[in-house]
Amino acid sequence: MGKIGVIGAGKWGEALSYALSEKNEVIITSRTSRPWPNFRALDEVLKCEYLVIAIPAQQIAQWLKEHFVFSGQKILVAAKGIEASSGRFLNDIYKEYVPEENLAFLSGPSFAVEVMKKLPTALVVNSLSKDTSGEFAAFFPSFIRTYTSEDVIGAEIAGAYKNVIAIAAGICEGLSLGHNAAASLIARGLVEMERFGRAYGATQESFLGLSGAGDLFLTASSSMSRNYRVGLGLAQGKDKDTICIEIGEVSEGIGTAYALHEIAQERGIYLPIASEVYAILEGKSPRQSLKDLIER
Ligand SMILES: NC(=O)c1ccc[n+]([C@@H]2O[C@H](COP(=O)([O-])OP(=O)(O)OC[C@H]3O[C@@H](n4cnc5c(N)ncnc54)[C@H](O)[C@@H]3O)[C@@H](O)[C@H]2O)c1
Ligand SMILES: O=P(O)(O)OC[C@H](O)CO
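The rules behind each value
Residues numbered from 1 in each chain as written. Chains lettered and ligands numbered in written order. Predicted model: local features only at pLDDT ≥ 70, side-chain atom pairs only at ≥ 80, totals over all residues. Heavy atoms only, no water. Near = heavy atom within 4 Å. Polar contact = N/O pair within 3.5 Å; in protein donor to acceptor, adjacent residues only side chain to side chain. Areas by Shrake-Rupley, 256 points an atom, 1.4 Å probe, with all protein chains shown as cover. Domains from an automatic or database assignment. UniProt positions renumbered as here; feature names shortened; annotations may be inferred. Helix = DSSP H or I, 4+ residues; strand = E, 2+ residues; numbered from the N terminus. Buried < 20%, exposed > 50% of the residue type's maximum accessible area, 1.4 Å probe, protein only. Salt bridge = Lys/Arg side-chain N within 4 Å of Asp/Glu carboxyl O. Contact = heavy atoms within 4.5 Å. Buried area = accessible area lost by both parts, 1.4 Å probe.

K.L.:
Can you tell me about the site of ligand 1, naming the residues and giving the values?
P.N.:
Around ligand 1, the surrounding shell holds 21 residues, and the nearest of these are Lys 11, Trp 12, Ala 112, Val 250 and Glu 252. Between Lys 80 and ligand 1, the recorded distance is 3.0 Å, taken from a backbone N or O atom to an oxygen atom. Glu 252 is positioned with one of its side-chain polar atoms (N or O) 2.5 Å from an oxygen atom of ligand 1. Look at ligand 1: alone it shows 820 Å² of surface, and the protein chains cover 86% of it. Two domains each donate at least three residues to the shell around ligand 1, and these are domain 1 (3-150) and domain 2 (158-294).

K.L.:
So, the UniProt feature "binding site: substrate" (unreviewed entry) in the protein: which residues are in play, and what are the values?
P.N.:
With numbering aligned to this structure, UniProt lists the feature "binding site: substrate" (unreviewed entry) at Lys 80, Arg 226 and Asn 227. A maximum C-alpha distance of 12.8 Å among these annotated residues, which run over 148 residues, shows that they cluster at one spot. Relative to the helices and strands, Asn 227 resides in helix α11 (residues 226-235). Residue classification places Asn 227 among the buried positions, given a relative accessible area of 6%.

K.L.:
Which residues make up the pattern of salt bridges, and what values go with them?
P.N.:
Tallying each qualifying case throughout the model produces 16 salt bridges. A salt bridge links Glu 83 to Arg 88; its shortest N-O distance comes to 3.3 Å. By relative accessible area, which is 25% here, Arg 88 ends up partly exposed. Across the salt bridge formed by Glu 295 and Lys 291, the nearest N and O atoms sit 3.3 Å from each other.

K.L.:
Summarise the domain arrangement of the protein; cite the residues concerned and give the values.
P.N.:
With domains assigned, the protein is organised as domain 1 (3-150) and domain 2 (158-294). On a C-alpha basis, the centres of domain 1 and domain 2 stand 24 Å from each other. The interface is formed by 23 residues belonging to domain 1 together with 24 residues belonging to domain 2. Between domain 1 and domain 2, a total of about 1700 Å² is buried, with carbon and sulfur atoms accounting for 71% of that surface. The interface formed by domain 1 and domain 2 holds two salt bridges in total. With a closest N to O distance of 2.7 Å, Lys 11 and Glu 249 form a salt bridge. Linking domain 1 with domain 2 are six residue pairs in polar contact (both at pLDDT 80 or more). When contributions to the side of domain 1 that touches domain 2 are tallied by element, the ones reaching two or more residues are α3 (57-67), α5 (112-116) and β6 (121-126). With three residues, the single largest contributor to the side of domain 1 that touches domain 2 is β6.

The following block contains the structure:
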């Protein structure tokens, strides 16, 4: 198998580098140097035929502008989020630099810490090009089952939106609202995600499978999720900046909630849970949000 370059050595970049090393030669780079044998300078990694980019959604546009040079690479995007400042999906950002047939997007339930332990995992590689999705899917190790799909927009929306519902689920747990409320929130969250996706031409299948329901069930039911932990913090009355400092890792649900709020306003799409998450991030009382959702 060919050489794969991973860009971004946060939790997910590190886990993907580790997993992909089972069958491939993998090198990794990041802003901060790491004492790993396969750590290399960005220039060298950019020369790889296949790149896996794990830089968060809120930073990727700037990073591409400053550092990326297209020379025919195929790229697997590992981030899950919508750009808050513009409401742009990752596909829209990347395709300014890379032909769409060279782009693939990774989705599905996948905590990095479990991948690092080689626990069984199932993921979807989504690309408009069957060749590109097939090539990336074949790179994954034996403990990761991969599927392929052409529903790029569905996978992207599902992966980003579930982070916002996970924040809501953390709030639900933090307020001790019980299992009935948690299950209702997850179920209605899935309906909301799918309705939003449909407005962009996504298929229902993506939301019922690993990219949607699978990742939502994982993230919205475990304090291993950073987004869920943001919700726990909000329920305790902490503000988002304090919570982000305490967590110390990226929570894509925050930026994505702001992006969804903007899109919902512009396009007149009904997103009750995401709208309440946005309002809570802006300081609304979680109990008032609950009341507004229940009495709606
Ligand atoms: N951790 C997981 O379990 C997991 C699983 C699936 C998907 N993801 C997604 O992967 C993405 C990355 O998450 P993570 O867990 O690695 O986050 P993390 O907080 O562990 O690391 C973020 C990484 O991004 C890099 N980064 C941040 N700003 C940058 C910039 N301006 N330029 C270059 N690099 C920059 C940081 O240096 C760091 O290496 C997110 O979109 C997340 O939703 C994470
Ligand atoms: O820890 P989170 O909330 O960023 O979630 C990580 C992954 O997206 C789970 O699939």
